[in-house]
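Descriptive analysis of the structure
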Amino acid sequence: MIKNYLGGQWVDSHATESAEVINPATAEVIGHCPLGTAEDVDAAVAAASAAFQSWRETPVVDRVQPMFRLKALLEDAHEDLARQVTLEHGKTLVEARGSVRRGIQMVETACAMPSLMMGQILEDIAPGIDSQAVRRPMGVFACIAPFNFPAMVPMWFWPFAIAAGNTFVIKPSERVPLTQLKIVELAEQAGFPPGVLNVVHGGKTVVDRLCTHPDIKGVSFVGSTPVAKHVYTTAGGAGKRVQSLGGAKNFMVVMPDAVLDKTAATAVESIIGCAGERCLAGSVIISIGEETRAQMETLVVDQARRTTVGDGLAPETDMGPLISQASKDRVKGMIARAIDDGAELLVDGREGVDDMPGYFLKPTVLGNIQPQMEIAQEEVFGPVILLAAADDLHQAVDWINSSPYGNTTTLFTTNGAAARQFCYHVDPTMVGINIGVPAPMAFFSFGGAKQSFFGDVKAHGRASVDFYTDSVVTIHRWIKDASIW
Ligand code: NAD
């Protein structure tokens, strides 16, 4: 059973139940994650609260020194961490390496905290009066993570929160808790003082206590939309800052002038990369006009058929398994219902996987997708490529904006005017032009709109300084003293 990390010690959870951690490529159990209790959260928050004052008083230039050391340790451990991601999540080693790289970039960006959290000052707001605004750390923050990026997603949050002078509690996904444990071991080696960073394992009980604990100032959540809403309302109702990132339904539009072979390759990778288990995964490809639709269908079907599915550790694998049998069954169910709704089955990814040991599906391609179908509206989170058509860009954008989600969208085109109109009019707030997965990097901020994001201050980049600090304004008046000046 893996342990919690509280106040610089590895301690047993109070849990009486646990979740199996399973390698989804082999269905082997590779660990047990305790489903912790409110007592575990209380102990972590007590440790984080006790560490806060002296950490806050540590100059920011000193606070980032362990962050620099952590960056070096993460570089040394990069391959080991990537293998761990593949073992517990299933994505290919190439994808896992990329996700660990993105996590390291969070640490690099947080190292800039002395510049990032500088305040503002203005002399003479009135005669002899000056005013300044500083960014002040607030206390204990927490993050609650999903299963699909075991290394990267928790690191969207805690490096920024800690560098800004807060202390922190991580709640990893109970399905993939092992990678973040290795990262916290490295953070321990890097020399963060005890209690600055803490880990509590668990599920709903732990989440609910984090959302209501009186000594937690704010919660960062990433996961499905129903739980994102629950966390937003529960933690918000308890008076906390909340940023809650939810699910997605992402559309990609292909103009007749796009470079179609490259477009098809990029769009298919967006949809089936990480077996479709990405919040920025494309889902519906809307081609403009019948000719573009027909050409895209040929290219996409060919690309899908050429995909090698297997264990993510094998070098020849293009796509790994889904996270669980339940996920596989759910995606198969969505495919079957889409066919009942009138979708055309062009490639059936349910075939040829029954003899494989883990939770594999091959890429499925469905044509004739219409806006009212369940599969056109709900997140699939699996390798299902949906092909649709619209008469013009306006109609495609109307379709995108009718979705309750608003995470990301992409236009494939060589026409700058079309690109500009697209960016200007779409609701999603992470937008790509000829980019399949337009994921903002560490130094930009990350987050969608509508049912994909609850809150107002987004993740990482400069927004994280706003989220993890309070703005304190002081106004100074010094009466002129003629004996001095
Ligand atoms: P999930 O909502 O099932 O779980 C996320 C976290 O919430 C986990 O730590 C889990 O322990 C906890 N949780 C689960 N059920 C809960 C409940 N009833 N009450 C309280 N806590 C609960 O999500 P998941 O399946 O791990 O992740 C996949 C989802 O995450 C997808 O919908 C995906 O789009 C989304 N996601 C979004 C982003 C984004 O940036 N918007 C990024 C990654 C993943």
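Residues numbered from 1 in each chain as written. Predicted model: local features only at pLDDT ≥ 70, side-chain atom pairs only at ≥ 80, totals over all residues. Heavy atoms only, no water.

Some words on the pattern of salt bridges
Where charged atoms of side chains with opposite charge meet at close range, the side chains can pair. Under the defined criterion, the tally for this structure stands at 18 salt bridges. R278 serves as the salt-bridge partner of E269, at 3.4 Å between the closest nitrogen and oxygen. Using a relative accessible area of 37% as the deciding quantity, one classes E269 as partly exposed. The class of R278 is buried, set by a relative accessible area of 12%. Linked through salt bridges whose partners overlap, the residues forming this network are K71, E75, R101 and E108. (Salt bridge = Lys/Arg side-chain N within 4 Å of Asp/Glu carboxyl O. Buried < 20%, exposed > 50% of the residue type's maximum accessible area, 1.4 Å probe, protein only.)

Some details on the site of the ligand
Taken together, 27 residues form the shell around the ligand, and within it A145, K171, E174, S224 and E379 come nearest. With respect to the ligand, the side chain of R175 contributes an N or O atom lying 2.8 Å from an oxygen atom. One of the side-chain N or O atoms of S224 is found 2.6 Å from an oxygen atom in the ligand. Going through the elements one at a time, α10 (204–212), β10 (216–222) and α11 (225–237) are the ones with two or more residues in the shell around the ligand. Of the residues assigned to the shell around the ligand, the class counts are 13 nonpolar, 9 polar and 5 charged. When residues are assigned to domains, the shell around the ligand turns out to be shared by domain 1 (4–246 + 452–474) and domain 2 (251–433), each giving three or more. (Near = heavy atom within 4 Å. Polar contact = N/O pair within 3.5 Å; in protein donor to acceptor, adjacent residues only side chain to side chain. Helix = DSSP H or I, 4+ residues; strand = E, 2+ residues; numbered from the N terminus. Nonpolar A, V, L, I, M, F, W, Y, C, P; charged D, E, K, R; others polar. Domains from an automatic or database assignment.)

Quick look at the nonpolar core
Counting residues in each nonpolar core, the largest one holds 63 residues, and the members touching the most others are M67, L70, W158 and F168. Both domains that meet at this core, namely domain 1 (4–246 + 452–474) and domain 2 (251–433), each give it at least three residues. Setting aside residues up to four positions removed in sequence, W158 forms contacts with L70, F168, I170, Q180, I183, A187 and L197. Membership of the second largest hydrophobic core comes to 58 residues, among which are I285, M319, L346 and L386. (Core = buried A, V, L, I, M, F, W, Y, C linked by side-chain atoms within 4.5 Å. Contact = heavy atoms within 4.5 Å.)

Some points on the layout of surface pockets
The volume enclosed by the largest pocket comes to roughly 1,100 Å³. Only α5 (93–110), α7 (152–155), α10, β10, α11 and α14 (325–340) provide two or more residues apiece to the lining of the largest pocket. If one sorts the elements of the lining of the largest pocket by residue count, α5 sits on top with 5 residues. Grouping the constituent residues of the lining of the largest pocket by class yields 24 nonpolar, 12 polar and 13 charged. Of the residues that make up the lining of the largest pocket, three or more belong to each of domain 1 (4–246 + 452–474) and domain 2 (251–433). Of the pockets and cavities examined, the second largest pocket occupies roughly 280 Å³. When residues of the lining of the second largest pocket are traced back to their parent elements, those giving at least two are α5 and α12 (260–272). Its residues placed into classes, the lining of the second largest pocket shows 8 nonpolar, 6 polar and 5 charged. (1 Å grid on protein atoms, 1.4 Å probe; cavity = no way out; pocket = protein on both sides within 12 Å on 5 of 7 lines; lining within 4 Å. Points joined across faces, edges and corners; volume = space filled by probe spheres on them.)

Details of the sheet that holds strand β12 (residues 251–254)
Spatial ordering of the open sheet is given by β14-β15-β16-β13-β12-β18-β19, a layout of 7 strands whose pairing is mixed. Among the strands making up the open sheet, the edge pair consists of β14 (344–347) and β19 (430–433). Each adjacent strand pair in this sheet contributes to an overall mean axis angle of 20°, direction not counted. In this sheet, strand β16 (residues 384–390) lies alongside strand β13 (residues 284–288) in parallel orientation, the contact comprising 5 bridges. (Pairing = 2+ DSSP bridges. Axes fitted to C-alpha atoms, helices over the stretch in contact; angles between N-to-C directions.)

Some thoughts on the sheet that holds strand β6 (residues 129–137)
Read across the open sheet, the 3 strands follow the order β5-β6-β22; overall the sheet is antiparallel. Only two strands of the sheet have a single partner each, and these edge strands are β5 (120–126) and β22 (469–477). Ignoring which end each strand starts from, the neighbouring axes of this sheet average 25° apart. Here β6 runs beside β22; their pairing, made up of 9 bridges, is antiparallel. The partner of D130 across the bridge, within β22, is H476.

Things to note about α14
End to end, α14 covers 23 Å across 16 residues, agreeing with the expected 22 Å (1.5 Å per residue, within 8%). Of the residues making up α14, those classed as buried are S327, K328, V331, G333, M334, I335 and A338. (Expected span 1.5 Å × (residues − 1).)

With respect to α11
Taking 1.5 Å as the rise per residue, α11 with 13 residues should run 18 Å; its terminal C-alpha atoms sit 18 Å apart, in good agreement. Here α11 has its buried residues at T225, A228, V231 and A235. In an axial view of α11, the angular spread of the buried residues amounts to 120°, which keeps them on one side of the axis. Of the residues in α11, the exposed ones pointing more than 90 degrees away from the buried face are P226, T233 and G237. (Arc of directions from axis to C-beta.)

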